[in-house]
Amino acid sequence: MQKFIYLLLALTLFACTTAPKSDANFISEVDQYLVDYNKKFQELMIPAAEAAWKLNTYILEGDTITSKIAEEAEKAMVEFTGSESNISTAKKYLEREDELSPVQIRQLRAILYSAASSPSIVKDLVEEKIKAENNQTTTLYGFNFMLDGKKISTNDIDKVLESSTNLVERLAAWQASKEVGRELKTGLENLRNLRNKTVQALEFEDYFHYQVSDYGYSSDELMEVCRNMNKDVWPLYRELHTWARYTLAEKYNEDVPEYLPAHWLPNRWGQEWSSMVSTEGVDLDGELEKKGAEWVMEEGERFWMSMGFPELPKSFYEKSSLYPLPPDANYSKNNHASAWHMDNAYDVRSLMSVEPNTRWWGTVLHELGHIYYYMTYTNDSVPIILRGGANRAYHEAMGTLIGLASMQQPFLEGVGLMPEGTEIDETEAMLKEALDYIVLIPWGAGVMTEFEHDLYAKNLSVDEFNKRWWDLKKKYQGIVPPSERGEEYCDAASKTHINNDAAQYYDYAMSNILLFQFHDHISKNILEQDPHKTNYYGSKETGDFMRTLMKDGANCDWRDHLNTHLGTDMSAKAMVDYFSPLMTWLKEQNKGRTHSLPETL
């Protein structure tokens with residue numbers, strides 16, 4: 001304490017005897033600080049990203065060395081980003097915010113945001129958090145999923161849930177997919193506590209508040225945005241839910257259930273149901289099977305290039321992990337698809353397990369959306385630390401937008417995945433889309449967001465994790481467990497984002513809203529085509545528009561950016577309008593049927 005008083009006195013005397021710097025000197029000082037920060041950030045980012053990459057792509061049972069290297073690399077990174085010096089310097093400069101340029105202010109705020117995840121003022125806590133996060137990753141992706149006494153992959157589980165009509169088989173696969181939650185429950189509670197304490201050191205209320213602040217929202221504002229999204233799509237989701245109950249009951253030759261049993265649905269979490277529908281005249285799985293996984297990957301790149309984007313760097317194919325591991329591999333890898341910007345410059349990679357089917361076709365285009373976003377905002381006008389999406393939902397929207405476009409008839413005919421002139425049931429095609437894009441909203445903006453809000457902002461008791469999870473599933477999705485799921489389970493933790501990308505799943509719901517706004521603009525104002533029948537392929541004008549959305553990265557205010565390029569705020573109107581013909585059809589189909597979901601949420 002005495003040393004602190006002496007230091008304070010010395011600083012006071014220095015301040016009294018030193019003339020204030022001129023504005024030019026101050027701006028020059030800030031600029032030099034930011035140049036140095038960006039350079040050091042990138043220098044430390046590369047080994048941290050490489051270590052994390054190996055941790056996700058080469059999981060070897062009993063290997064503690066890789067995890068240790070990842071911990072050390074991340075520790076070096078966070079010691080810099082969370083240093084007391086960077087925190088105090090950024091705060092000091094922001095006290096004179098009115099003298100700074102917008103790009104300087106954005107960088108200084110980004111520095112404080114990065115610091116909050118691992119501030120050095122709670123160094124021991126940060127080290128404990130890093131270790132806990134790496135342990136959770138190892139547990140999640142090193143878990144052996146077992147079915148009938150045999151080790152299976154998550155792809156195998158997905159295939160059962162997408163195609164089997166045997167409810168006994170489906171139940172066994174669904175239950176197998178949730179066993180990992182038992183192993184992760186204690187770790188999730190520990191991570192919640194560590195994450196909250198860490199960001200609270202920089203005056204955030206909790207980890208949820210920290211994450212939503214990246215949008216310029218308070219927690220309450222974000223929750224209101226999400227609840228409004230759910231209200232906007234609820235009438236359509238309610239009709240989809242009723243249709244699904246009756247359709248699946250007929251498929252399984254069962255009585256119509258009051259709510260949807262989780263194992264009846266074609267997805268482990270019930271987050272998208274599109275494989276319930278096979279569009280007449282469309283056999284994408286069959287066509288893709290003929291072409292192979294490598295064609296899926298290469299055609300995805302050709303699509304982006306047709307719009308005027310460059311070819312992927314050779315290093316992308318050399319360094320990425322794109323396909324499933326061979327059956328005799330002595331290691332495993334993270335099976336969740338992801339895109340990586342290793343150095344916030346030119347090293348871009350993707351982690352996938354591509355197979356030649358419809359699901360992976362959409363996934364490949366989605367992940368390449370991230371990759372091309374990385375490549376586009378890697379330009380001299382965007383500093384290293386601002387090379388991110390205008391907001392996180394923008395990033396997701398770019399990939400998902402192309403996923404939507406890639407499933408429309410004119411595009412499919414153009415790339416040879418559908419014979420020209422194929423007659424398809426347009427309502428059926430729209431239904432398939434709704435079972436993806438609409439169904440995700442109650443899941444993403446409802447279940448996931450409400451659960452993580454309660455987890456972090458309300459310190460949800462570990463003894464109520466599973467109860468709260470299933471209460472939310474029933475409320476927002478109308479989904480119930482096949483049987484009693486006690487607190488020995490932690491079904492929420494079976495979802496990777498709960499562990500690794502915590503408190504930001506609303507990004508996906510917001511991205512679905514944004515992508516329909518982008519698609520509406522492209523189809524009507526650029527292509528001049530029916531939004532349900534577009535073909536982006538070869539449209540350089542579409543590519544130009546997408547580049548204008550991408551090139552600024554996070555070096556902009558996302559709400560101003562949206563208004564500048566679309567002339568509107570974020571709104572579900574374009575999405576609701578797109579599906580209005582389907583709403584009419586569903587109401588006709590559901591006449592005389594009972595709805596188990598209330599009229600209003």
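Scroll up to find the structure this text is about.
Procedures and definitions
- Residue numbers run consecutively from 1 along every chain, following the written order of its sequence.
- Reporting in this predicted model follows two pLDDT cut-offs: at least 70 for local features of residues, and 80 or more for side-chain atom pairs to be given and counted; totals over whole chains, interfaces and linings ignore these cut-offs and use all residues.
- With hydrogens and water set aside, each side-chain value is computed from the structure's full complement of heavy atoms.
- One side-chain nitrogen of Lys or Arg within 4 Å of one carboxyl oxygen of Asp or Glu is enough to make a salt bridge.
- Helix and strand assignments follow DSSP, with helices taken as H or I runs no shorter than four residues and strands as E runs no shorter than two, numbered in order from the N terminus.
- Note on classification: 1.4 Å probe, protein chains only; a residue is buried when its accessible area is under 20% of the maximum for its type, exposed when over 50%, partly exposed between these limits.
- Whenever a helix is involved, its axis is fitted only over the stretch in contact; in every case the axis is a line through C-alpha atoms, and angles between N-to-C directions fall within 0 to 180 degrees.
- Should the near helix be turned anticlockwise from the far one by less than a right angle, the crossing is termed left-handed; should it be turned clockwise, right-handed.
- By definition in these notes, contact holds between two residues if any of their heavy atoms fall within 4.5 Å.
- At least two bridges found by DSSP between two strands are what make those strands a pair.
- For the purposes of this section, nonpolar cores are sets of buried Ala, Val, Leu, Ile, Met, Phe, Trp, Tyr and Cys residues that join through side-chain atoms within 4.5 Å.
- Stacked, tilted and edge-to-face are the three classes applied to pairs of Phe, Tyr and Trp rings, where Trp contributes its six-membered ring and a pair requires centres within 6.5 Å; stacked means planes under 30 degrees apart, edge-to-face means over 60, and tilted covers the rest.
- A cavity, in this analysis, means grid points on a 1 Å lattice covering only the protein atoms where a 1.4 Å probe fits yet has no way out; a pocket is instead an open set bounded by protein on both sides within 12 Å along at least five of seven lines, and a residue lines either one if it has an atom within 4 Å of a point.
- Grid points are joined across faces, edges and corners, and a volume is the space filled by probe spheres set on the points.
- Throughout, the ten residues Ala, Val, Leu, Ile, Met, Phe, Trp, Tyr, Cys and Pro are labelled nonpolar, Asp, Glu, Lys and Arg are labelled charged, and all others, Gly among them, are labelled polar.

Observations regarding the pattern of salt bridges
Pairs can form between side chains of opposite charge once their charged atoms are near each other.
Logical step 1: Applying the stated rule across the entire model yields 33 salt bridges.
Logical step 2: Two residues, Glu-355 and Lys-159, come together in a salt bridge whose shortest N-O distance is 3.6 Å. Separated by 196 residues along the polypeptide, Glu-355 in the loop between β5 (348-351) and α15 (358-377) and Lys-159 in helix α7 (residues 154-163) bring together distant segments of the chain.
Logical step 3: For Glu-355, a relative accessible area of 17% gives the class buried.
Logical step 4: The class of Lys-159 is partly exposed, set by a relative accessible area of 41%.
Logical step 5: Connected via shared salt-bridge partners are Glu-50, Lys-319, Asp-347 and Arg-349.

Side note on the packing of helix α2 (residues 23-57) against helix α4 (residues 84-94)
Logical step 1: Where α2 contacts α4, the axes come no closer than 12 Å and their chain directions differ by 145°. Judged by the sense of rotation from one axis to the other, the crossing of α2 with α4 is left-handed. Of the residues in α4, those touching α2 at Phe-26, Glu-29, Val-30, Tyr-33 and Tyr-37 are Asn-86, Thr-89, Lys-92 and Tyr-93.

Describing the pairing of β5
Logical step 1: Covered by surrounding structure in β5 are Val-348 and Ser-350 together with Arg-349 and Leu-351, the residues of both alternating faces.
Logical step 2: As judged from the 4 bridges shared by strand β4 (residues 338-341) and β5, these two strands associate in the antiparallel manner. Looking at β5, one finds that Ser-338 is bridged to Leu-351.

Considerations on the nonpolar core
Logical step 1: Of all hydrophobic cores here, the largest spans 184 residues; its most connected members are Leu-108, Leu-240, Trp-273, Trp-304, Phe-518 and Phe-579.
Logical step 2: Considering every element that reaches this core, the biggest residue donor is helix α11 (residues 219-252), with 15 residues.
Logical step 3: Membership of the second largest hydrophobic core comes to 5 residues, among which are Ala-49, Trp-53, Trp-340 and Leu-351.

Looking at the packing of aromatic side chains
Logical step 1: In this structure the tally under the stated criterion is 42 aromatic pairs.
Logical step 2: When the ring of Tyr-215 is compared with that of Tyr-506, the centres are 6.0 Å apart and the planes differ by 65°; the resulting orientation is edge-to-face. Separated by 291 residues along the polypeptide, Tyr-215 in the loop between α10 (207-212) and α11 and Tyr-506 in helix α22 (residues 506-527) bring together distant segments of the chain. Of the two residues, Tyr-215 and Tyr-506, both sit in the buried class.
Logical step 3: Where Phe-411 meets Tyr-537, the ring centres are 6.0 Å apart and the plane angle is 45°; that geometry is what we call tilted. In this pair, Phe-411 sits in helix α17 (residues 409-414) while Tyr-537 sits in the loop between α22 and α23 (540-550), placing the two residues 126 residues apart along the sequence.

Overview of unusual backbone geometry
Logical step 1: Positive phi, close to 75°, is recorded for Glu-203, a residue that is not glycine.
Logical step 2: Note on Glu-203: relative accessible area 70%, which makes it exposed.
Logical step 3: With a phi angle near 55°, Glu-528 is a residue other than glycine that sits in the positive phi range.
Logical step 4: Its location among the elements puts Glu-528 in the loop between α22 and α23.

Describing the environment of Leu-60
Logical step 1: If you trace the backbone, Leu-60 turns up in the loop between α2 and α3 (65-81).
Logical step 2: Once the C-alpha coordinates of Leu-60 and Phe-518 are considered, the two residues, 458 residues apart in sequence, prove to be 42 Å apart.
Logical step 3: Not counting chain neighbours up to four residues away, the residues in contact with Leu-60 comprise Asn-330 and Tyr-331.

Here we look at the pairing of β4
Logical step 1: Residue alternation in β4 divides its side chains into two sets, Ser-338 and Trp-340 and Ala-339 and His-341, and both sets are buried.
Logical step 2: Connecting β4 to the next strand, β5, in antiparallel fashion are 6 residues, including Asn-344 with a positive phi near 55°.

Some details on the side chain of Glu-133
Logical step 1: Inspection of the secondary structure assignment puts Glu-133 in helix α6 (residues 123-141).
Logical step 2: Excluding its chain neighbours within four sequence positions, the residues that come into contact with Glu-133 are Glu-74, Leu-191 and Arg-195.

As for empty space enclosed by the protein
Logical step 1: Tallied over the full model, the rule gives 2 cavities of 30 Å³ or more.
Logical step 2: Of the pockets and cavities examined, the largest cavity occupies roughly 50 Å³.
Logical step 3: Lining the largest cavity are Trp-174, Lys-178, Ala-262, Asn-267, Arg-268, Trp-269, Gly-270, Trp-469, Trp-470, Lys-473 and Ile-479.
Logical step 4: The leading source of residues in the lining of the largest cavity is helix α20 (residues 465-477), at 3 residues.
Logical step 5: A breakdown of the residues in the lining of the largest cavity according to their chemical character gives 6 nonpolar, 2 polar and 3 charged.
Logical step 6: The computed volume of the second largest cavity comes to approximately 40 Å³.
Logical step 7: Lining the second largest cavity, in full, are Leu-161, Glu-162, Arg-170, Leu-248, Lys-251, Tyr-252, Trp-264, Pro-266, Ser-275 and Met-276.

By themselves, these figures tell us nothing about what the structure is for.
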